Protein chains: 4
Amino acid sequence: ITTTCTTFSLSRSDFDLLHNSSKSAKSLSYSPYSHFRVGCALLTHSGDIIVGANVENASYPVTTCAERTALCKAVTTVFDNDVKWGGEGEQQLRFKAVAVATDISPPASPCGMCRQAIREFCDVEVPILMFDGGEGYSVLRLKDLLPLSFGPEALGVREMGRQQESKSSS
Amino acid sequence: ITTTCTTFSLSRSDFDLLHNSSKSAKSLSYSPYSHFRVGCALLTHSGDIIVGANVENASYPVTTCAERTALCKAVTTVFDNDVKWGGEGEQQLRFKAVAVATDISPPASPCGMCRQAIREFCDVEVPILMFDGGEGYSVLRLKDLLPLSFGPEALGVREMGRQQESKSSS
Amino acid sequence: ITTTCTTFSLSRSDFDLLHNSSKSAKSLSYSPYSHFRVGCALLTHSGDIIVGANVENASYPVTTCAERTALCKAVTTVFDNDVKWGGEGEQQLRFKAVAVATDISPPASPCGMCRQAIREFCDVEVPILMFDGGEGYSVLRLKDLLPLSFGPEALGVREMGRQQESKSSS
Amino acid sequence: ITTTCTTFSLSRSDFDLLHNSSKSAKSLSYSPYSHFRVGCALLTHSGDIIVGANVENASYPVTTCAERTALCKAVTTVFDNDVKWGGEGEQQLRFKAVAVATDISPPASPCGMCRQAIREFCDVEVPILMFDGGEGYSVLRLKDLLPLSFGPEALGVREMGRQQESKSSS
Ligand SMILES: [Zn+2]
Ligand SMILES: [Zn+2]
Ligand SMILES: [Zn+2]
Ligand SMILES: [Zn+2]
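Residues numbered from 1 in each chain as written. Chains lettered and ligands numbered in written order. Predicted model: local features only at pLDDT ≥ 70, side-chain atom pairs only at ≥ 80, totals over all residues. Heavy atoms only, no water.

Draft legend 1. Just the interface of chain A and chain D, in detail. Every contact between the two is made by 21 residues of chain A and, on the other side, 21 residues of chain D. Roughly 1,500 Å² of surface becomes buried between chain A and chain D when both sides are summed, with 71% attributable to carbon and sulfur atoms. The tally of links from chain A across to chain D stands at zero salt bridges. On inspection of chain A and its partner chain D, the count reaches eight residue pairs in polar contact (both at pLDDT 80 or more). For the side of chain A that touches chain D, the secondary-structure elements that each account for two or more residues are α4 (112–121) and α5 (142–145) of chain A. Examining the composition of the side of chain A that touches chain D, we find that four residues originate from one element, α4(A), more than from any other. (Contact = heavy atoms within 4.5 Å. Buried area = accessible area lost by both parts, 1.4 Å probe. Salt bridge = Lys/Arg side-chain N within 4 Å of Asp/Glu carboxyl O. Polar contact = N/O pair within 3.5 Å; in protein donor to acceptor, adjacent residues only side chain to side chain. Helix = DSSP H or I, 4+ residues; strand = E, 2+ residues; numbered from the N terminus.)

Structure representation (structure tokens):
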């Protein structure tokens, strides 16, 4: 763990927070179809933790994984310091680390769809911690989990901020 | 509005809260691809409001709509009264109404995917309020937006609560 | 059946073709996770039948339902008469009816996500036939399964044809 | 190209077929929202080519990418030799290579969601060829585009074949 923290620029308390938050987030899972619980915790640069869990649906493709639940939560939250995604001070919200916890061993990795979702909101260097059902874990950077990724640049989108008006605004 | 409130068992303050919350949630939208802002607000039976906005992705199918963002937030949140979805007192969390706001007129309705997501967590009688960019709105019950719906029953899932252990738990 | 055919402008052989094709398409289902087989058949105005089945994934949200499999197949196929979607003669490809078959009773309806997908490529009057595991079936028009739908118009897209060049073409 | 063919065990005609088929499949793209055309070609061990293109939707998350369109097509097709996925002789259908073509340069890679879809039906050694708008291309194996992937094993699914009866069969 000490080595992990050094390699990925995390403090020991960051690590413990990510560990505990992602594990306890598993209890929030709504997974009556797969019976496969997943918890996720995001750590922002300002020290906020946002948790999520998988939210399934009778129509399987309508399911939202834990990672995307947490990302959507984070992106649509106005934090105590009045900072919101796309606004001034957004850097504070950018993620310092992503943690995912499941009940299996070896630890499960984010599915490809979630790697793509993380790609939209994180630097490719962001560490992704994967915790198993016991005390084991793995860590890889996003660039190692989704190499040569397809991102906003491919569509020519440069300004990623939140627009103030819809194009179809009435 | 008075008629709407009577028909759908909402108080005037419920209505105003849904109206204002869904409209202001549009400012949380992350939509650099469609430039189409959507805000959503869910009202629980205990009076909590949960808001969401659409969160897009360079890979379009990885996008999460406002309604699903709000639902996933609600389902994975532990509220002040210590109630969580799938736990004791869940009834307090069940939704009394769903509101969606966009910048167009006539007001946009939830896409089919979101109607399906709402179906998983709401009674088919739940009212869905759709606000346009001005002062107009429409209201329909879920059963009128998604008739003859495909729900958990079709898969034989009866106990919808959150399981405590994954089947593959190690 | 005679009444159904009259009401929805289908010949008896159209009906039988839709029935048999959607039922036999169930055998093409790849559903090791839900064990819930779904077959779909699309009938074009030129008399072609395109079938699909659900294609699941270990990551549930990556699943493609039978209806969307069939639609994507149809839209990306060049038929014998050299007609393709978005090209001249496309009207011949437009769908006259959609059929879905499962093993349960009462018959399952398309999930909301698929109703949305059908909406993109069909007139709202298109009949959707739902066959159960035996001899029972229901029929409803798209407008009755997805009332007040969110379609291309909401985004201001008028010309639905296939563009010849990408905007980012190099 | 010669080196590519040697490294990935493809003949020169395999390569040309993948190249030409994926490029021409771009013309099948239905992408009125992104105006970003993508074509895909799958080569089976028996020499069949299955093509697909992206099929978008007014509700962005209902979009199906080119790769998933092609995979769903392949999995739900009965080929001339009467072999179908999940049946006897399936090995002939397993994919020898995947090709993706876009109009941009450097060539676009499959999004994370599609890498996950490919994972379900291919060996992790399968080569993925990415063609740009001109004569350039890149090649990487699936294991290099989706390392440490989340697959069927994580859910304890061993028998991947197509079941003959739904569990809820009536
Ligand atoms: Zn995922
Ligand atoms: Zn939606
Ligand atoms: Zn569906
Ligand atoms: Zn994709």
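Draft legend 2. Examining the coordination of the zinc ion (ligand 3) more closely. All names here are of chain C. Distances from the zinc ion (ligand 3) to its protein donors, namely Cys-65 (SG), Cys-111 (SG) and Cys-114 (SG), fall within the range 2.3 to 2.4 Å. Counting along the primary sequence, the residues that act as donors to the zinc ion (ligand 3) give the motif C-x45-C-x2-C. The residues Cys-111 and Cys-114 share a single accessibility class, namely buried. (Donors = N, O, S within 2.8 Å, 3.2 Å for Na, K, Ca; no water. Buried < 20%, exposed > 50% of the residue type's maximum accessible area, 1.4 Å probe, protein only.)

Draft legend 3. Expanded view of the sheet that holds strand β1 (residues 39–44) of chain A. All names here are of chain A. In spatial order, the strands read β2-β1-β3-β4-β5; together these five strands make up an open sheet with mixed pairing. Each edge of the sheet is formed by a strand with only one pairing partner; in this case those strands are β2 (49–53) and β5 (137–141). Taken over all neighbouring pairs, the strand axes of this sheet differ in orientation by 15° on average, direction set aside. Pairing between strand β3 (residues 95–101) and strand β4 (residues 127–131): four bridges, direction parallel. (Pairing = 2+ DSSP bridges. Axes fitted to C-alpha atoms, helices over the stretch in contact; angles between N-to-C directions.)

Draft legend 4. Up close: the relation of the copies chain A and chain D. Superposing chain A onto chain D takes a rotation of 180° plus a shift of 0.0 Å along the axis, which leaves an RMSD of 0.0 Å. When the rotation and shift are considered jointly, the pair of chain copies conforms to a two-fold rotation axis. Same-surface contact between copies: 100% of interface residues of chain A are shared with the interface of chain D. (Least-squares fit on C-alpha atoms with pLDDT ≥ 70 in both.)

Draft legend 5. Focus on the coordination of the zinc ion (ligand 1). Every protein donor of the zinc ion (ligand 1) is listed here as Cys65(A) (SG), Cys111(A) (SG) and Cys114(A) (SG), and their distances to the metal cover 2.3 to 2.4 Å. All donor residues of the zinc ion (ligand 1) come from one chain, and their arrangement in sequence is C-x45-C-x2-C.

Draft legend 6. Spotlight on the pairing of strand β3 (residues 95–101) of chain B. Residue and element names in this part refer to chain B. Buried residues dominate β3, accounting for six of its seven residues. Here strand β1 (residues 39–44) pairs with β3 via six bridges, running antiparallel. Its bridge partner lying in β3, Gly-39 is registered against Ala-101. The parallel pair β3 and strand β4 (residues 127–131), bridged by helix α4 (residues 112–121), forms a crossover whose chirality is right-handed. (Right-handed = clockwise from strand over helix to strand, strands pointing away.)

Draft legend 7. Examining the pattern of salt bridges more closely. All names here are of chain A. As enumerated under the stated definition, the model contains 28 salt bridges over all chains in all. The closest approach of N and O atoms between Asp-14 and Lys-96, which form a salt bridge, is 3.0 Å. Placement of Asp-14 in helix α2 (residues 12–25) and of Lys-96 in strand β3 is noted, with a sequence separation of 82 residues between them. Using a relative accessible area of 12% as the deciding quantity, one classes Asp-14 as buried. With relative accessibility at 27%, the residue Lys-96 sits in the partly exposed group. Overlapping salt bridges, with partners in common, bring together Lys-26, Arg-37 and Asp-103 in one network.

Draft legend 8. Examining the sheet that holds strand β5 (residues 137–141) of chain B more closely. Residue and element names in this part refer to chain B. What the five strands build is an open sheet, ordered β2-β1-β3-β4-β5; its pairing is mixed. At either margin of the open sheet sits one strand with a lone partner, and together these are β2 (49–53) and β5. Adjacent strand axes in the sheet meet at a mean angle of 20° when their direction is disregarded. By the bridge criterion, five bridges tie β1 to β2 in an arrangement that is antiparallel. Across the sheet, the residue bridging to Leu-42 is Ile-50, located in β2. Together, β1, β2, β3, β4 and β5 form the strand contacts of helix α2 (residues 12–25), whose direction differs from that of β1 by roughly 150°. Helix α3 (residues 66–75) contacts β1, β2 and β3 of the sheet and is inclined by roughly 140° relative to β2.

Draft legend 9. Geometry of α4(B). Burial analysis of α4(B) places 10 of its 10 residues in the buried class, the great majority of the element. Within α4(B) the residues assigned to the buried category are Gly112(B), Met113(B), Cys114(B), Arg115(B), Gln116(B), Ala117(B), Ile118(B), Arg119(B), Glu120(B) and Phe121(B). The secondary structure elements touched by the buried residues of α4(B) are α3, β3, β4 and α5 (142–145) of chain B together with α4 (112–121) of chain C.

Draft legend 10. Highlighting the packing of α4(B) against α4(C). Two elements in contact, α4(B) and α4(C), have axes whose closest approach is 6 Å; the angle formed by their N-to-C orientations is 165°. Taken together, the axis directions place α4(B) and α4(C) in an arrangement best described as roughly antiparallel. Between α4(B) and α4(C) lies a crossing whose hand is right-handed. The residues of α4(C) that touch α4(B), namely those facing Gly112(B), Met113(B) and Gln116(B), are Gly112(C), Met113(C) and Gln116(C). Residue composition of the contact of α4(B) with α4(C), grouped by class: two nonpolar, four polar and no charged. (Parallel < 35°, antiparallel > 145°, perpendicular 65-115°, else oblique. Left-handed = near helix turned anticlockwise from the far one by under 90°. Nonpolar A, V, L, I, M, F, W, Y, C, P; charged D, E, K, R; others polar.)

Draft legend 11. The arrangement of the packing of α3(B) against α4(B) in detail. Residue and element names in this part refer to chain B. Taken N-terminus to C-terminus, the directions of α3 and α4 make an angle of 20°; their axes are 9 Å apart at the nearest point. Relative to α4, the element α3 lies roughly parallel. The two elements α3 and α4 meet at a crossing, and its hand is left-handed. For the pair formed by α3 and α4, the contact residues are Glu-67, Arg-68, Leu-71 and Val-75 on the first element and Met-113, Cys-114, Ala-117, Ile-118 and Phe-121 on the second.

Draft legend 12. Structural view of the pairing of β1(B). Burial analysis of β1(B) places six of its six residues in the buried class, which makes it a mostly covered element. Remark: four residues form the turn of the hairpin made by β1(B) and β2(B), two consecutive strands paired antiparallel; Gly47(B) in that turn has positive phi of roughly 90°.

Draft legend 13. Representation of the layout of surface pockets in the model. Considered as a void within the structure, the largest pocket measures approximately 470 Å³ in volume. Around the largest pocket, the lining is made up of 17 residues, and of these Ile50(C), Lys73(C), Thr77(C), Lys73(D) and Thr77(D) lie nearest the centre. Residues of the lining of the largest pocket, tallied by class, amount to 10 nonpolar, three polar and four charged. (1 Å grid on protein atoms, 1.4 Å probe; cavity = no way out; pocket = protein on both sides within 12 Å on 5 of 7 lines; lining within 4 Å. Points joined across faces, edges and corners; volume = space filled by probe spheres on them.)

Draft legend 14. The arrangement of the side chain of Thr64(B) in detail. Here Thr64(B) is to be found in the loop between β2 and α3. With residues up to four places along the chain from it excluded, the contact list for Thr64(B) reads Cys72(A), Ala53(B), Asn54(B), Val55(B) and Thr69(B).

Any functional reading would require information beyond the geometric quantities listed.
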